[in-house]
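Summary of structural features
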Amino acid sequence: MRIYRIGETREREALLRRLEVREEGVRIMARKMRTLWILIRDLRTPAANILKQDALSIGADLAVPGGVITCEKERVDALLIATEAQLRTLARKERAQPFGLKALARELEAFLLEAKAPLRIMGVLNANEDSFYAGSRFIGAAALERIEAMIQEGAAIIDIGGVSSRPGAEPVRAEEELARVRPLCDAVRESRLHERALFSIDSYTPEVIRYALESGFGLVNDITGASDERVVKLAVEYGAELCIMHMQGRPQTMQERPHYEDVTAEVDAFFSQRIERCETLGLPRERIILDVGIGFGKSLEHNLTLLRNHATFLRHGCELLIGASRKSMIDRIIPTPTERRLPGTLAIHLKAVEHGATIVRCHDVAEHRQALAVWEAMQS
């Protein structure tokens, strides 16, 4: 007799098929393989008692503070530990329960959503001279050459911006921003490059966004997170996708003592509010992409927490974008100049992909294509 432990969930599923388990059996057992840890804040104490008993009845568990059974406090925080199969069953049970558990059931079911879109690399090109990484700055003919190179290297999306959003960057007038990106927009349209890749405009300026969309761009990358309704309406008008990024403050001040009570919960609430606004304005959820905004009004610990909890944002049913390419959080972990931060970038991006990101925004397309290809091979 020989025995050994099976590692990855996908490997376990493959083993079930090799054992000739029926496909329905594979699906049922796969749900039992993945354990979710879900933090529930501000839960009414009677609801906590009911949820605890229901969880235990199906083999899951709910960690609660002492004194819950006697309702010493009106509300508590709790940690639910359940497999996907248990979570599905528990959500059905709570639909019939009082004390806000019906609403909680809907929230729990959302955590069963998974990333379905294929992995895509978004290559970065800055049409300005003050972006934080000099290797992303290209103007004129060099910019077109770089676009061609990134497409050949494997970029499915090209993100073009004319204004730096690095910490402390000064704002730029709309006329100046448009003057910087107009030649590239014209070249994309005239060369029909938008037929070979999806082009994204990294801007929150309506005039610039409209010009890009008229030039064949199909994605708006808005670091202000759809704060301007005109941007959302432009995405609706042109049938474009919209990436909503979270940022605390503005680029000029965002890194001056950023503070959150619970960064994951606050970013999640921000996404909920902005998605609702977009849908009200006519932009369907299927055309919305979410970006937690690594380094935009966040400390190192905030960034790390968001990366650890990245999968939680899948519950919105939107694609997730990760963009930490060569950012200063790497330097805060291990002092490294910008031009040497590729290894740290790959580590961050692969972890985010593992937790549900399907769009990777980066400066180094070929290197990311290789890393992601190896990662996908290990998963399949």
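Anything mentioned here points back to the structure above.
Here's what I pulled together on the structure shown here. No experiment lies behind these values; they were computed from the predicted model shown.

1. Quick notes on the pairing of strand E3 (residues 75-83)
Two strands pair when backbone bridges link them, and strand E1 (residues 35-44) and E3 are joined in this way by 8 bridges, in the antiparallel orientation. For Thr 35, the partnering residue across the bridge sits in E3 and is Thr 83. Relative to E3, strand E2 (residues 61-63) runs antiparallel, the two being bridged by 3 bridges. Bridging across to E3, Ala 63 finds its partner in Leu 79.

2. Remarks on the pairing of strand E9 (residues 288-291)
Side chains Ile 288 and Leu 290 project from E9 onto one buried face, and the interleaved Ile 289 and Asp 291 project onto a second face that is buried too. Here strand E8 (residues 241-245) runs beside E9; their pairing, made up of 4 bridges, is parallel. Residue Leu 242 lies in a different strand from E9, and its bridge partner there is Ile 288. Where E9 lies against strand E10 (residues 319-322), 3 bridges are found, and the strand directions are parallel. Among the inter-strand pairings, Leu 290 is bridged to a residue of E10, identified as Leu 320. For the crossover that starts at E9, traverses helix H11 (residues 300-308) and ends in the parallel E10, the hand is right-handed.

3. With respect to the sheet that holds E9
Strand order in the closed barrel formed by 8 strands is E4-E5-E6-E7-E8-E9-E10-E11, with parallel pairing between adjacent strands. Averaged over all pairs of adjacent strands, the angle between their axes in this sheet comes to 25°, without regard to strand direction. Judged from the 5 bridges that link them, strand E4 (residues 120-126) and strand E5 (residues 157-161) form a sheet pairing that is parallel. The residue bridging Val 124 from the neighbouring strand is Asp 159, located in E5.

Criteria and thresholds
- Residues numbered from 1 in each chain as written.
- Predicted model: local features only at pLDDT ≥ 70, side-chain atom pairs only at ≥ 80, totals over all residues.
- Heavy atoms only, no water.
- Pairing = 2+ DSSP bridges.
- Helix = DSSP H or I, 4+ residues; strand = E, 2+ residues; numbered from the N terminus.
- Buried < 20%, exposed > 50% of the residue type's maximum accessible area, 1.4 Å probe, protein only.
- Right-handed = clockwise from strand over helix to strand, strands pointing away.
- Axes fitted to C-alpha atoms, helices over the stretch in contact; angles between N-to-C directions.

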